[in-house]
Protein chains: 2
Amino acid sequence: MVKMTDKLIPDIVVGRLPRYLRAIQQMSKEGFQTTSSQVLGERLGISAAQIRKDLSQFGEFGKQGTGYPIPYLIQQLQHILKINRKWEMVLVGVGDLGHAIARYQGFANGGFHITMVFDNDPKKIGSQVGDYIVKDIALLDQNVRAAGIKIAMLTVPASEAQTVADCLVQSGIQSILNYAPVTLTVPPHVHVQNIDPVINLQRMTYYLD
Amino acid sequence: MVKMTDKLIPDIVVGRLPRYLRAIQQMSKEGFQTTSSQVLGERLGISAAQIRKDLSQFGEFGKQGTGYPIPYLIQQLQHILKINRKWEMVLVGVGDLGHAIARYQGFANGGFHITMVFDNDPKKIGSQVGDYIVKDIALLDQNVRAAGIKIAMLTVPASEAQTVADCLVQSGIQSILNYAPVTLTVPPHVHVQNIDPVINLQRMTYYLD
């Protein structure tokens, strides 16, 4: 694979790569050794042409007619997405959702690990949630800096999300997975991804009668 | 507004409408009466041209130079997305995440209401979760049919997700919000949206050093 570091890849393309990776990892578990853009496209509801075009932005992953070798494609996608390492994360906000996320077992396989959990509620600070003792949010800045952590998951109430996001950015966080139903304002070097069930649901009602 | 029912709108455009709605609802709360594609674009990190192009697919919402009247745009987007009514939903799977979702207060404002909660674990069936008594999944089909429910949220383990999705489709469900980290196979008339924190995180590590 030739890495084209001088080419700016559209974010929408980057956003599809984890979905390709998830699907071929699933195929690998099912025992497949190779796949094609057609097969992958059918699984994902994305056109084969789109998949070929997306992957070609990053190099050549298979030969015409023989398809993509799955183990190689997995390895290359992990390399491109920089998840051929373990990323440490902080979780801020230990309500119902924060609890569920702190105990979620699916991060390790994806390349992630929650290192610390924070809240501002004196009743929660010091309590145990999953494998974590909840830390005081007042200690967030020094802890995040000391550990050099770049990724945060934000599960605080909507009313507090922007204030906490500002603190996170201040501490050196560059990626925020935001579960609060608000649009966060962050500097250009910080990436935000929003998880909001209502947004996903509203996208589907469009198609209902 | 002229509704262009005979035109097929790309799903990617439909997918941006709930984000526009969320942002202008936030602006409305902040006291704004009008907005423009520029202001909206800055809030959302989407180009003004893209927003104008997306909205123009559905009609005319503002006059050149005066911007969009916020209350009218909210009402029209709710109409387009069919959330000017309340949609009933079922929730299947009462683990940590299912618990958090059953108790989440953010659905009502978005146009949604959880009507019933199901699990297959005898220890959970009959127990109280939020405002709900957990029902036996064996009763899902008759309950969903009787209530004519079209939307389901799926928070079961990955290994069970496809089987449960098949049951949901069988019962008449047409929209599935899938929290299990698997790609579901469903008939063409069923829409699936996936919520998976790992996919969102992997999209951001691409930009980290």
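Residues numbered from 1 in each chain as written. Chains lettered and ligands numbered in written order. Predicted model: local features only at pLDDT ≥ 70, side-chain atom pairs only at ≥ 80, totals over all residues. Heavy atoms only, no water.

## Re the overall build of chain A
Within chain A one finds nine helices and ten strands. By principal-axis analysis of the C-alpha atoms, chain A measures approximately 60 × 50 × 35 Å. Across the 209 residues of chain A, 49% fall into the buried class. In chain A, the share of contacts with a sequence separation of at least 24, taken over all contacts with a separation of at least 6, comes to 56%. In the form shown here, chain A has an accessible surface area of approximately 10000 Å², with 52% of it arising from carbon and sulfur atoms. (Helix = DSSP H or I, 4+ residues; strand = E, 2+ residues; numbered from the N terminus. Buried < 20%, exposed > 50% of the residue type's maximum accessible area, 1.4 Å probe, protein only. Contact = heavy atoms within 4.5 Å. Areas by Shrake-Rupley, 256 points an atom, 1.4 Å probe, with all protein chains shown as cover.)

## Examining the sheet that holds strand E7 (residues 135-136) of chain B
Residue and element names in this part refer to chain B. An order of E7-E4-E3-E8-E9-E10 is seen for the six strands of this open sheet, with the pairing classed as parallel. Only two strands of the sheet have a single neighbouring strand rather than two, namely E7 and strand E10 (191-194). Pairing of strand E4 (residues 112-119) with E7, which is carried by two bridges, proceeds in the parallel orientation. Counted as the bridge partner of Phe118 is Lys135 from E7. Where helix H8 (residues 158-170) meets the sheet, its contacts fall on strand E3 (87-92), strand E8 (151-154) and strand E9 (175-178), and the angle it forms with E8 comes to roughly 170°. (Pairing = 2+ DSSP bridges. Axes fitted to C-alpha atoms, helices over the stretch in contact; angles between N-to-C directions.)

## Here we look at the packing of helix H1 (residues 11-29) of chain B against helix H4 (residues 70-80) of chain B
All names here are of chain B. Between H1 and H4, the least distance of the axes is 10 Å, while the angle of their chain directions is 150°. With respect to H4, the axis of H1 lies roughly antiparallel. When you trace H1 past H4, the crossing you get is left-handed. For the pair formed by H1 and H4, the contact residues are Leu17, Tyr20, Leu21, Ile24, Gln25, Met27 and Ser28 on the first element and Ile70, Leu73, Ile74, Leu77, Gln78 and Ile80 on the second. Of the residues contributing to the contact of H1 with H4, the split by class is ten nonpolar, three polar and no charged. (Parallel < 35°, antiparallel > 145°, perpendicular 65-115°, else oblique. Left-handed = near helix turned anticlockwise from the far one by under 90°. Nonpolar A, V, L, I, M, F, W, Y, C, P; charged D, E, K, R; others polar.)

## Notes on the relation of the copies chain B and chain A
Superposing chain B onto chain A requires a rotation of 180° together with a translation of 0.0 Å along the rotation axis, leaving an RMSD of 0.0 Å. The symmetry that links the two subunits is that of a two-fold axis. The share of interface residues of chain B whose copies in chain A are also at the interface is 100%, consistent with both copies meeting through the same surface. (Least-squares fit on C-alpha atoms with pLDDT ≥ 70 in both.)

## Focus on unusual backbone geometry
All names here are of chain A. Its identity is not glycine, yet Lys82 carries a phi of approximately 60°, on the positive side. When you line up the elements, Lys82 lands in the loop between helix H4 (70-80) and strand E3 (87-92). Lys82 gets classed as partly exposed once you look at its relative accessible area, which sits at 24%.

## Describing the interface of chain B and chain A
Contacts between the two partners involve 59 residues from chain B and, on the opposite side, 59 residues from chain A. Interface of chain B and chain A: buried area, both sides summed, is about 5700 Å²; carbon and sulfur atoms make up 63% of it. Sorting the residues of chain B by area buried against chain A places B:Arg203, B:Tyr206 and B:Leu208 first, and these three jointly supply 13% of that buried surface. At the boundary of chain B with chain A, the tally comes to six salt bridges. Across the salt bridge formed by B:Arg22 and A:Asp196, the nearest N and O atoms sit 2.2 Å from each other. (Buried area = accessible area lost by both parts, 1.4 Å probe. Salt bridge = Lys/Arg side-chain N within 4 Å of Asp/Glu carboxyl O.)

## Focus on the sheet that holds strand E7 (residues 135-136) of chain A
All names here are of chain A. Across the sheet, six strands lie side by side as E7-E4-E3-E8-E9-E10; this open sheet has parallel pairing. If you trace the sheet from one side to the other, it starts and ends with E7 and strand E10 (191-194), each paired once. Seen against the sheet, helix H7 (residues 140-147) touches E3, strand E4 (112-119) and E7 and runs at an angle of roughly 160° to E4.

## Quick look at the confidence of the model for chain A
On average, residues of chain A score 93 in pLDDT, and 97% of them are at 70 or above. Reported for the predicted complex are a pTM of 0.91 and an ipTM of 0.93. (pLDDT = per-residue confidence, 0-100.)

## Topic: the packing of aromatic side chains
Following the criterion strictly, the structure yields six aromatic pairs over all chains and no others. Ring geometry for B:Tyr206 against B:Tyr207: centres 5.0 Å apart, planes inclined by 85°, an arrangement best described as edge-to-face. On the accessibility criterion, B:Tyr207 (27% relative accessible area) is partly exposed. Here the aromatic residues A:Phe58, B:Tyr206 and B:Tyr207 are joined through ring pairs into a cluster of three or more. Over the aromatic face of A:Trp87 sits the side chain of A:Arg85, whose NZ or CZ is 3.4 Å from the ring centroid. (Phe/Tyr/Trp six-rings, centres within 6.5 Å; stacked < 30°, edge-to-face > 60°. Lys NZ or Arg CZ within 6 Å of the ring centre and 35° of its normal.)

## Remarks on the domain arrangement of chain A
Once the domains are mapped, chain A shows domain 1 (11-80) and domain 2 (87-199). Its C-alpha centre places domain 1 of chain A at a distance of 31 Å from the equivalent point of domain 2 of chain A. (Domains from an automatic or database assignment.)

## Examining the pattern of salt bridges
This model, assessed by the stated rule, comprises twelve salt bridges over all chains. A salt bridge links A:Asp96 to B:Arg103; the shortest N-O distance between them is 2.7 Å. Within this pair, whereas A:Asp96 is found in helix H5 (residues 96-102), its partner B:Arg103 is found in the loop between helix H5 (96-102) and helix H6 (107-110), the two belonging to separate chains. The class of A:Asp96 is partly exposed, set by a relative accessible area of 32%. Its relative accessible area of 43% is what places B:Arg103 among the partly exposed residues.

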